[in-house]
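# Observations on the model geometry
So the chains spell out like this:
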Amino acid sequence: MKAIRFTGLILFLFSLSLFLASFFMGSYTLTHEIFSTIVKPEHQEMLRNSYEFDRPYASGITFVNHLKKGIDEINVTARAEQRWGDIIYDDYVSTLTRASATGAVTENELLFFMLIYVVGTMGALMFILPQAKLAGPPGIRHNHIFHNALNNRGWLGMLSGTLLVVFYILLYFFPAYITNWIIIVNPVQKLLNPSASSGQWFLYGFLYTFAVIVMGFRMLVKYRHSRYQVFRTISVMFFQLAFAFVIPELLVRLNQPYFDFKNMWPLDYDFFDAWHINMLTQSGGLGIFMFAWGITLFVIGVPVFVYFFGKRWYCSWVCGCGGLAETAGDPFRQLSDKSTEAWQIERLLIHGVLVFGVIMTILVLYNFFGEDFYFAVNKWTVLAFPAIIGAGLFFFHRKKFPYMKGGKVRNVIVGIVGFFTLGAAFSEVSVFAKYMPVDGNNFNFSSGNIRTMYGFMIGSMFSGVIGTGFYPFMGNRVWCRFGCPLAAYLGLVQRFKSKFRITTNGGQCISCGNCSTYCEMGIDVRAYAQRGQNIIRSSCVGCGVCSAVCPRGVLNLENQNEYGRFNQPISLGNVNKII
Ligand code: SF4
Ligand code: SF4
């Protein structure tokens, strides 16, 4: 068994190394033919003199930089001269790079796919499955978890987190650099939809699903003693594979709109974008059904299901973000911050994002049905707003959030002010110009610009780069805990109108702290257990791990009558503050 595990580890490391090495493979040659086919006629004249044709580049990075430089120079000049119509927004860099790529990966995409993903899956399963025999009888073992370099912010954790952050930044903002990785998943794209070619979002969906399925097997082995955990894990694997990955691709193959039936507003923040509403409502009966389904899900589905089952029905059984957190993120669940301070920051942030999302959606709908919302403010004046809000928060928090230390508040303020300052100061730099509504000296607040900022700050940076990239630093539910507007909505219903609670048999508690340690949402479960109080927290995703790791059977997830849900704490000792 040990030999099988060792072989599996070698195979997996081989696949991982090949995946990373493929980033640097191949050569790139831009020809006149490729250029004329891809670049729009109105841009060809502007760009033609910026590019070298028929010159082979041995490095994808140099080639992409060359393409980017040409477009950036044109855009910087156009912005400086206020020729807004001449700015190029099309993503020519990715499409030109893809078409210009030659070499081992392009010519052997299926071989690379097999060596990376098929061999990698075999290796991972050979490493994971023997644990069912080797680890002894069913039951959770967390021995030495805080001495492990991966699980406790050691060098391996730091390395993994850094790689994840870099991957997300490349995927969201610079997909041309990962052209080879996009090409390698093309055989799967062709299998699902022969007329399509893989793109950056197909790669993302594939890797996401791959991680949930492979790490889902690890969950099944680790928690095989708990029926709740087994069913829950199978559920998230199924919803990710079928609803988030396969069905949307098949819909496109059948000339229907791309649609994930389990995703909903406000997590799906482009649901009310004009292009999305038009796409659904102009796609016949099925499109209109999808539009109605999406609205019904958050208007009726959320309150009804949360009332009967708590937010767990979505966050721990259905959602893709939750699915990834519960499977790939499981090795990091003990890293969540349990302090009261973190709880207060969590409430500020997650409800702040919900309010931002609601305002953004109202403005987008206002634009859809009528006039565009618009006003312009000098970019340096705009900086005063986060500074005033920050200062207000700094003084206000002492009264309202007494456990929050000044240092953390200061860091949040510095982050917000710094973000806007960078945006204003470097408004000419393309990466900011694309996402910050800055033209010349003005911040232009329009519905579209606010939507773009939301997409950049919340949709990309928070949910992707930080939400997943920070698993090895801050635990596996960074996004679900601090940023997801849908989790905030589900949480409000769970807190005020639901049958769900975790009951605690306080007399049995030995204060070992396992439950608090492994609560991915940073809830200090032990504090409730010690005083026999029901746990009714808006953030609780009902993962059930606190109950699974409790050696005394103290905790029970229940959907009972609402009566008596908020019971009074029973002081059993060790309690010095009641929150
Ligand atoms: S309190 Fe328990 S069920 Fe709720 S999120 Fe924490 S570990 Fe999961
Ligand atoms: S895991 Fe169980 S026994 Fe240990 S502190 Fe939590 S409730 Fe008490």
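Just above, that's the structure.
Here we summarise the structure given alongside this text. It should be emphasised that the depicted structure is a prediction, and the values quoted were computed from it without experimental measurement.

### Things to note about the overall build of the protein
Helices and strands together make up the secondary structure of the protein, namely 29 helices and eight strands. Out of the 579 residues belonging to the protein, those deemed buried represent 49%. Once local pairs closer than 6 in sequence are excluded, the contacts in the protein between residues at least 24 apart make up 76%. Split by element, the accessible area of the protein, about 26600 Å² in all, is 66% carbon and sulfur.

### Quick notes on the site of ligand 1
The immediate surroundings of ligand 1 are formed by Ile502, Cys519, Met521, Ile523, Val525, Cys540, Val541, Gly542, Cys543, Gly544 and Cys546. Mapping ligand 1 onto the cavity grids shows that it belongs to the largest cavity. When its residues are assigned to classes, the shell around ligand 1 shows nine nonpolar, two polar and no charged.

### Quick look at the packing of helix H14 (residues 274-281) against helix H15 (residues 284-309)
The geometry of H14 relative to H15 is characterised by a closest axis approach of 6 Å and an angle of 135 degrees between their N-to-C directions. Taken together, the axis directions place H14 and H15 in an arrangement best described as oblique. Packed against H14, whose contacting residues are Ile277, Leu280 and Thr281, the element H15 presents Gly284, Gly287, Ile288, Met290 and Phe291 at the interface.

### Some thoughts on the site of ligand 2
Near ligand 2 there are 14 residues, and of these Cys509, Cys512, Gly513, Cys515 and Cys550 occur at the shortest range. Of all elements in the fold, only helix H27 (514-517) and helix H28 (525-530) reach the threshold of two or more residues within the shell around ligand 2.

### Points about the side chain of Gln189
Relative to the helices and strands, Gln189 is located in helix H11 (residues 186-192). Among all residues touching Gln189, those that are not within four sequence positions of it are Pro194, Ala196, Ser197, Ser198, Phe202 and Glu249.

### Digging into the pattern of salt bridges
Applying the stated rule across the entire model yields 18 salt bridges. A salt bridge links Glu81 to Arg83; the nearest nitrogen and oxygen atoms lie 2.8 Å apart. Owing to a relative accessible area of 49%, Glu81 belongs among the partly exposed residues under this scheme. For Arg83, a relative accessible area of 32% translates into the label partly exposed. What emerges from the salt-bridge pattern is a single network uniting Arg218, Lys222, Arg232, Glu326, Asp330, Arg333, Arg477 and Glu520.

The rules we used
Each chain carries its own residue numbering, running from 1 in the written order of its sequence. Numbering of ligands from 1 and lettering of chains from A proceed in the order in which they are written. Owing to the predicted nature of the model, reporting of local features is limited to residues with pLDDT of at least 70; listing and counting of side-chain atom pairs is limited to 80 or more, with chain, interface and lining totals taken over all residues. Computation of side-chain values: all heavy atoms of the structure, hydrogens and water removed. Secondary structure elements follow DSSP: runs of H or I no shorter than four residues count as helices, runs of E no shorter than two count as strands, and numbering proceeds from the N terminus. The buried label goes to any residue with under 20% of its type's maximum accessible area, the exposed label to any with over 50%, and the partly exposed label to all in between, with areas taken from a 1.4 Å probe on protein chains only. By definition in these notes, contact holds between two residues if any of their heavy atoms fall within 4.5 Å. Accessible surface is estimated by sampling points in the Shrake-Rupley manner with a 1.4 Å probe; for residues, cover comes only from the protein chains shown. The rule for a residue being near a molecule or strand is that one of its heavy atoms must lie within 4 Å of it. The way it works is a 1 Å grid over only the protein atoms, where trapped points that fit a 1.4 Å probe form a cavity and open points with protein on both sides within 12 Å along at least five of seven lines form a pocket, and then any residue with an atom within 4 Å of a point lines it. Each molecule is assigned to a cavity or pocket provided more than half of its atoms lie within 2 Å of the corresponding grid points. In the scheme used here, Gly and all other residues not listed as nonpolar or charged are polar, with Ala, Val, Leu, Ile, Met, Phe, Trp, Tyr, Cys and Pro taken as nonpolar and Asp, Glu, Lys and Arg as charged. Structural elements are reduced to axes, namely lines fitted to C-alpha atoms, with helices fitted over the stretch in contact, and the angle between N-to-C directions of any two is expressed from 0 to 180 degrees. Should an angle fall under 35 degrees it is called roughly parallel, over 145 degrees roughly antiparallel, and 65 to 115 degrees roughly perpendicular, with every other angle called oblique. Basic side-chain nitrogens of Lys or Arg form a salt bridge, by our definition, when they fall within 4 Å of a carboxyl oxygen of Asp or Glu.

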